[in-house]
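Listed below are the residues making up each chain.
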Amino acid sequence: MPATPTRDRIAHPDTSALDLAAIMRAAGDPVRLEIVRMLGDGGEHLCGELSQALAIPTSTGSYHLKLLREAGITRTRAVGTQRLISLRTDDLESRFPGLVGVLTSS
């Protein structure tokens, strides 16, 4: 099996390493909380699509998505040059039952 290029390997924290304080710090920003709410539909969204919906520059959206991924809130999947973002609902619910509902409610 060919080696996966480094840029296609996206690091995500293990479910057991998810930290509630880190999650709450990341989700505490209004822009990031809105991203989490948008991802609450259960689908995968393109990074640019989220930035466009929030009317923020793509670079700013990428920064916020990186913080959400590093906190363990989102999963990023590489498809060619595109990045698909989704909420780690199952992982978050197994570690902190009810948290996703709190974060995604309006």
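Up top is the structure.
A. Representation of the overall build of the protein chain. Within the protein chain, the secondary structure is distributed over six helices and three strands. Listing every helix and strand of the protein chain by position from the N terminus yields α-α-β-α-α-β-β-α-α. Relative to a compact globule of 106 residues, whose C-alpha radius of gyration would be 13 Å, the protein chain shows 14 Å and is just as compact. Dimensions of the protein chain, computed from C-alpha atoms along their principal axes, come out at roughly 40 × 35 × 20 Å. When the 106 residues of the protein chain are sorted by exposure, 32% land in the buried category. Working note: accessible area of the protein chain is about 6,100 Å², and carbon and sulfur atoms make up 54% of it. Across the protein chain, the mean location of the 12 positive side-chain charges is 6 Å away from that of the 12 negative side-chain charges.

B. Summary view of the pairing of strand β3 (residues 82-87). The pairing of strand β1 (residues 45-46) with β3 spans two bridges and is classified as antiparallel. Each bridged residue has a counterpart across the sheet, and for His 45 the counterpart in β3 is Ile 85. Summarising the sheet, strand β2 (residues 74-79) and β3 pair through six bridges and their orientation is antiparallel. Residue pairing for β3: Thr 74 is matched across the bridge by Leu 87. Hairpin geometry of β2 and β3 is characterised by an intervening segment of two residues between the two adjacent antiparallel strands and by a positive phi of about 65° at Gly 80.

C. Representation of the sheet that holds β3. Strands sit in the order β1-β3-β2 across an open sheet of three strands; the sheet is antiparallel. If you trace the sheet from one side to the other, it starts and ends with β1 and β2, each paired once. Those strands touched by helix α2 (residues 30-39) are β1, β2 and β3, and its axis lies near 85° from that of β3.

D. Highlighting the side chain of Arg 32. Looking at the secondary structure, you find Arg 32 in helix α2. Put simply, Arg 32 is tucked away with no salt bridge, and the nearest opposite charge, on Asp 29, sits 4.2 Å away. When residues no more than four places from it in sequence are discounted, the contact partners of Arg 32 are Arg 25, Ala 26, Tyr 63, His 64, Leu 67 and Leu 68.

E. Layout of the pattern of salt bridges. Applying the stated criterion across every chain yields a total of four salt bridges. Where Glu 70 meets Lys 66, a salt bridge forms, and the shortest distance between an N and an O atom there is 3.7 Å. With a gap of four residues between them, Glu 70 and Lys 66 both fall in helix α4 (residues 58-71), about one helical turn apart. Owing to a relative accessible area of 42%, Lys 66 belongs among the partly exposed residues under this scheme. Here Arg 75 and Asp 91 are joined by a salt bridge, their closest N and O atoms 3.0 Å apart. With Arg 75 in strand β2 and Asp 91 in helix α5 (residues 89-95), this pair connects stretches of sequence that are 16 residues apart. Within the structure, one salt-bridge network assembled from shared partners comprises Arg 75, Arg 88 and Asp 91.

About the criteria used
Residues numbered from 1 in each chain as written. Predicted model: local features only at pLDDT ≥ 70, side-chain atom pairs only at ≥ 80, totals over all residues. Heavy atoms only, no water. Helix = DSSP H or I, 4+ residues; strand = E, 2+ residues; numbered from the N terminus. Rg over C-alpha atoms; globule rule 2.2 N^0.38 Å. Buried < 20%, exposed > 50% of the residue type's maximum accessible area, 1.4 Å probe, protein only. Areas by Shrake-Rupley, 256 points an atom, 1.4 Å probe, with all protein chains shown as cover. Lys, Arg positive; Asp, Glu negative; His and termini not counted. Charge placed at Lys NZ, Arg CZ, Asp CG, Glu CD. Pairing = 2+ DSSP bridges. Contact = heavy atoms within 4.5 Å. Axes fitted to C-alpha atoms, helices over the stretch in contact; angles between N-to-C directions. Salt bridge = Lys/Arg side-chain N within 4 Å of Asp/Glu carboxyl O.

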